[in-house]
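Chain by chain, the residues:
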Amino acid sequence: MFNSLSDRLTATFKNLRGKGRLTEADVDGTVREIRRALLDADVAVPVVREFTAAVKERALAETVSQSLNPGQQVVKIVNEELVTILGGETRRITMAKYGPTVIMLAGLQGAGKTTLAGKLAKHFKAQGHTPLLVACDLQRPNAVKQLQINGERAGVPVYAPHPGVSSEFEEATGDPVVVARNGVSEARQKQFDIVIVDTAGRLGVDTELMKQARDIRDAIKPQEVFFVIDAMIGQDAVNTALAFQEGVEFTGVVLSKLDGDARGGAALSVASVTGKPVMFASTGESLDDFEVFHPDRMASRILDMGDILTLIEQAERSWDKGEAERMAQKFVDREDFTLDDFLAQMQQIKKMGSLKKMLAMMPGAAISRQQLEQFDDRQMDRIEAMIRSMTPHERVAPKIINGSRRARIATGSGVSVSELNQMLERFGEAQKMMKKLAQGGGMPGMPGGAR
Ligand code: GDP
């Protein structure tokens, strides 16, 4: 996500590190580098111009004169200006005062609307809402089916137009405006509190598409219209966004496919050019690859200052409290740390999603981008396969795993014996460390710690 932009900006700031004071030439040089980095990342020209002018003005005023650590001061200014172009404060969804809150999705075909619909449904459901999905993309073959699959994954019902396809609701019409209207009244009658309406897109902006989107909007009067934009489409993003702004007057932006290698800068421009905030980010094909967009956190991620808050939220969302308590109790009871525990811990981590993605959110100091590139999420799967190929006794007492057992386990899990050896060695070290922690009075802050 914004990798090359991030690398370029941090490299620029490195040049400022340790400087006692900045000259006007230093500021000029830095701003020039920032301008190049943004343009290379596909950020729209007017946005770059505005951004660099603001940074320059503030840097000259705030650093040249008095600041103790001018390099840091410049980073702080760039950070604040980035937050501004990303939309300022995090904005929450506007909820309806009476009846269901209606959210309509608009955007080009392939932008990621149908996928997003499933993600939003799952997100709201987890918050205790009762969402209903409405399938109004009657253009793209299979779009209805795809929404139904996503609905099923999210555990959320789908109001779909064709009789015969599995739907809890009866509806037979090919007119998306009618489907949208009926979907919303269905939600009102059955007391769903959020309705997410998926609409059709085209490969390019055309008047018919806009008219349809506008007609749907007028028919259902949504509280929110989200414009979904593929972060990979480059400079076209700005024109597409402006066309949709004029056509349907969206209220918020959702950036999709931020997991790709895209330079991503065009997506950064959208909020600034349209004046509408980015509300969510989509970062993969699974329904969990989804984040509420916080401009301040995204700015610090771009500047490689890490995004610890998002990381903690993801952990909280997926952490199993019972399992954590069981581990803590093992410490108190000073029981051995076994391969079963190792496996359980790994599953907890896996539930949080891709380890690679999580590592990417850590501040730059923790792991280099190069190490990150080499990291392979499948390593965890292989370790899991090895442990699963062991007998219960072997898992509790790995010491008994001799040569012939090693050969059996390696064959069973499809890894080489040397990979298995490495894993057992690493586990041995982890076990030793756990023992030390437990003997040394437990982990700080854990029950029974200071004894
Ligand atoms: P729609 O035409 O706007 O409804 O777009 P879809 O939701 O059908 O998405 C188009 C394609 O992009 C599908 O293959 C999705 O799996 C994929 N996709 C959607 N969102 C993301 C994302 O955030 N990351 C990645 N890598 N792929 C995505």
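Residues numbered from 1 in each chain as written. Predicted model: local features only at pLDDT ≥ 70, side-chain atom pairs only at ≥ 80, totals over all residues.

**Some thoughts on helix α8 (residues 207-220)**
Over its 14 residues, α8 extends 20 Å from the first C-alpha to the last, a length consistent with the 20 Å expected when each residue adds 1.5 Å. Along α8, the residues classified as buried are L209, Q212, A213, I216, R217 and I220. The buried side chains of α8 occupy one side of the element, clustering within an arc of 135° when seen end-on. Along α8, the residues that are exposed and aim more than 90 degrees away from the buried face are T207, E208, K211 and D218. Structurally, α8 contributes buried residues whose contacts are with β1 (101-106), β2 (131-136), α7 (176-190), β4 (194-199), β5 (224-230) and α9 (236-248). Immediately downstream of α8, the backbone of K221 shows phi near 45°, a positive value. (Helix = DSSP H or I, 4+ residues; strand = E, 2+ residues; numbered from the N terminus. Expected span 1.5 Å × (residues − 1). Buried ≥ 20, exposed ≤ 12 C-beta atoms within 10 Å, placed from the backbone. Arc of directions from axis to C-beta. Contact = placed C-beta atoms within 7 Å.)

**So, the UniProt feature "domain: SRP54-type proteins GTP-binding" (unreviewed entry) in the protein chain**
The feature "domain: SRP54-type proteins GTP-binding" (unreviewed entry), as given by UniProt, occupies residues 277-290 in the numbering adopted here. Split by type, residues 277-290 is 0% helix and 43% strand. Its first and last C-alpha atoms lie 17 Å apart. (UniProt positions renumbered as here; feature names shortened; annotations may be inferred.)

**Let's talk about the site of the ligand**
Surveying the vicinity of the ligand reveals 20 residues, the closest of which are G112, K113, T114, T115 and S282. The greatest single-element share of the shell around the ligand, amounting to 3 residues, is contributed by helix α5 (residues 113-126). Across the shell around the ligand, the residue classes break down as 1 nonpolar, 13 polar and 6 charged. (Near = placed C-beta within 6 Å. Nonpolar A, V, L, I, M, F, W, Y, C, P; charged D, E, K, R; others polar.)

**Digging into the packing of helix α4 (residues 70-85) against helix α11 (residues 295-302)**
Closest axis-to-axis distance for the α4/α11 pair is 8 Å, and the angle between their directions is 130°. With respect to each other, α4 and α11 are oriented oblique. Crossing of α4 over α11 shows right-handed handedness. Contacts from N79, L82 and V83 of α4 reach α11 at P295, D296, A299, S300 and I302. (Axes fitted to C-alpha atoms, helices over the stretch in contact; angles between N-to-C directions. Parallel < 35°, antiparallel > 145°, perpendicular 65-115°, else oblique. Left-handed = near helix turned anticlockwise from the far one by under 90°.)

**Some points on the confidence of the model for the protein chain**
For the protein chain, mean pLDDT is 83; residues scoring 70 or higher make up 85% of the total. When mean pLDDT is taken per element in the protein chain, β1 scores highest with 97 and helix α12 (residues 308-318) scores lowest with 67. Low confidence marks residues 164-172, where pLDDT is under 50. Its contacts with residues over four positions away, or in another chain, come to 19 contacts. Here residues 441-451 is modelled with pLDDT under 50, and outside its nearest four sequence neighbours on either side it reaches 17 contacts, counting other chains as well. Predicted as a complex, the structure gets a pTM of 0.73 and an ipTM equal to 0.98. (pLDDT = per-residue confidence, 0-100.)

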